[in-house]
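Now for the letters of each chain:
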Amino acid sequence: MQPKANLDDSPEYTLLQKRNILLYKIPPVLTAKGHYLNEWKEAVWQGNLRVAAKGDRAFVYFLDDAQQIYAVCPVADNIESSIQKCVDSSRGYAVRIEDPASKRYMWVGLAFRDRNDSFDFNVCFEDFKKHKDMDKNPAKYAEANRPVNDFTLKSGEKLSLNIGGLESTGSRPKPAGAADLR
């Protein structure tokens, strides 16, 4: 079993960056179905988003145009406890932002203007989970990652190529009208 990565020693790498996203003040969830983007009326912030990974943790940073952090969403191992998809739109998510010092949190609505940006946001977490699982269980993925065929030449084995249009003596055919300069 591998030791748990220390967050201070691990490099942070960016998984996704998106510009021009919106954060909304959202009403409490009244049904078990979840959040509805259509109910979000009050946009409270507009800026950029960066999803980053450090060790085995992921974070969603909300950044202003000067790249200063406005809010942070530490993504839990169970992603759904930090980020929830909207029921009525593929462009919206409810996100749990947290104050790192006090550990106080609140849910805000995250909306993408473009459906493709929302798709990228969702897929980056699926990829992160898959790579995290690959790091924890390498034997599970070893069979899938091994080469299918071994094309290496064995010791003493030779490779011969037959290229059409060439004689077996190794001389090339002369182009039509070429002079013999020997």
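Fair warning: this is a prediction, and the values are worked out from it, not measured in the lab. (Residues numbered from 1 in each chain as written. Predicted model: local features only at pLDDT ≥ 70, side-chain atom pairs only at ≥ 80, totals over all residues. Heavy atoms only, no water.)

Undergrad: Can you walk me through the sheet that holds strand β1 (residues 12-25) in this structure?
TA: Spatial ordering of the open sheet is given by β4-β3-β2-β1-β7-β6-β5, a layout of seven strands whose pairing is antiparallel. Of all the strands in the sheet, just β4 (69-75) and β5 (83-85) have a single pairing partner and so form its edges. Across the sheet, the mean angle separating the axes of adjacent strands is 35 degrees when strand polarity is ignored. Here seven bridges tie strand β6 (residues 92-98) to strand β7 (residues 105-111), and the two strands are oriented antiparallel to one another. Counted as the bridge partner of Y93 is L110 from β7. Against the sheet, helix α1 (residues 115-136) makes contact with β1, β2 (42-54), β3 (57-63), β4, β5, β6 and β7, and its axis sits at roughly 135 degrees relative to β1, the strand it touches most. (Pairing = 2+ DSSP bridges. Helix = DSSP H or I, 4+ residues; strand = E, 2+ residues; numbered from the N terminus. Axes fitted to C-alpha atoms, helices over the stretch in contact; angles between N-to-C directions. Contact = heavy atoms within 4.5 Å.)

Undergrad: Looking at this model, I keep getting lost on the nonpolar core. Mind explaining?
TA: A general tendency of soluble globular proteins is for nonpolar side chains to be buried together. With 25 residues, the main nonpolar core has L49, V60, F62, I83, L110, F121 and F125 as its most contacted residues. Excluding residues within four positions of it along the chain, L49 makes contact with L16, Q17, K18, I21, V60, Y61, F62, L110, F112 and F121. Ranked by size, the runner-up nonpolar core spans eight residues in total, among them L22, Y24, I26 and L37. (Core = buried A, V, L, I, M, F, W, Y, C linked by side-chain atoms within 4.5 Å. Buried < 20%, exposed > 50% of the residue type's maximum accessible area, 1.4 Å probe, protein only.)

Undergrad: Whenever I open this one, the packing of aromatic side chains confuses me. Can you help?
TA: The geometry of two aromatic rings is summed up by the distance between their centres and the angle between their planes. This model, assessed by the stated rule, comprises eight aromatic pairs. A centroid spacing of 6.0 Å and a plane angle of 35 degrees characterise the contact between Y24 and W40, whose relative ring orientation is tilted. Of this pair, Y24 sits in strand β1 while W40 sits in the loop between β1 and β2; the two residues are 16 residues apart in sequence, bridging distant segments of the chain. Considered together, Y24 and W40 belong to a single accessibility category, that of buried residues. Each ring, one from Y93 and one from F121, has its centre 4.9 Å from the other, and the planes form 65 degrees; the classification is edge-to-face. Placement of the pair is Y93 in strand β6 and F121 in helix α1, with a sequence separation of 28 residues. One cation-aromatic arrangement involves R96 over Y105; the distance from NZ or CZ to the ring centre is 3.7 Å. (Phe/Tyr/Trp six-rings, centres within 6.5 Å; stacked < 30°, edge-to-face > 60°. Lys NZ or Arg CZ within 6 Å of the ring centre and 35° of its normal.)

Undergrad: Quick question: what am I supposed to make of empty space enclosed by the protein here?
TA: Sizing a probe to match a water molecule and rolling it over the atoms shows the empty space that remains. Applying the stated criterion across every chain yields a total of one cavity of 30 Å³ or more. In this structure, the largest cavity encloses a volume near 40 Å³. Listing elements by their share of the lining of the largest cavity, those giving two or more residues are β3 and α1. By residue number, the principal contributor to the lining of the largest cavity is α1, which donates three residues. Tallied by class, residues from the lining of the largest cavity come to five nonpolar, no polar and five charged. (1 Å grid on protein atoms, 1.4 Å probe; cavity = no way out; pocket = protein on both sides within 12 Å on 5 of 7 lines; lining within 4 Å. Points joined across faces, edges and corners; volume = space filled by probe spheres on them. Nonpolar A, V, L, I, M, F, W, Y, C, P; charged D, E, K, R; others polar.)

Undergrad: Explain the pattern of salt bridges here, please?
TA: For side chains of opposite charge, pairing can occur when their charged atoms come near one another. Counted according to the given criterion, the structure contains six salt bridges. Here K18 and D117 are joined by a salt bridge, their closest N and O atoms 3.1 Å apart. Residue K18 is located in strand β1, and its partner D117 is located in helix α1; the two are separated by 99 residues in the primary sequence. With respect to class, K18 is no different from D117; both count as buried. With a shortest N-O distance of 3.0 Å, K132 and D77 are connected by a salt bridge. Here K132 is found in helix α1, whereas its partner D77 is found in the loop between β4 and β5, with 55 residues between them in sequence. For K132, a relative accessible area of 16% gives the class buried. (Salt bridge = Lys/Arg side-chain N within 4 Å of Asp/Glu carboxyl O.)

Undergrad: What exactly am I supposed to notice about the layout of surface pockets here?
TA: Taken as a whole, the second largest pocket spans an internal volume of roughly 190 Å³. Along the walls of the second largest pocket sit I79, E80, I83, Q84, K85, Y93, F121, N122, F125, E126 and K129, which together make up its complete lining. Among the elements of the structure, β5 and α1 are those that each provide at least two residues to the lining of the second largest pocket. Among the residues forming the lining of the second largest pocket, the class breakdown is five nonpolar, two polar and four charged.

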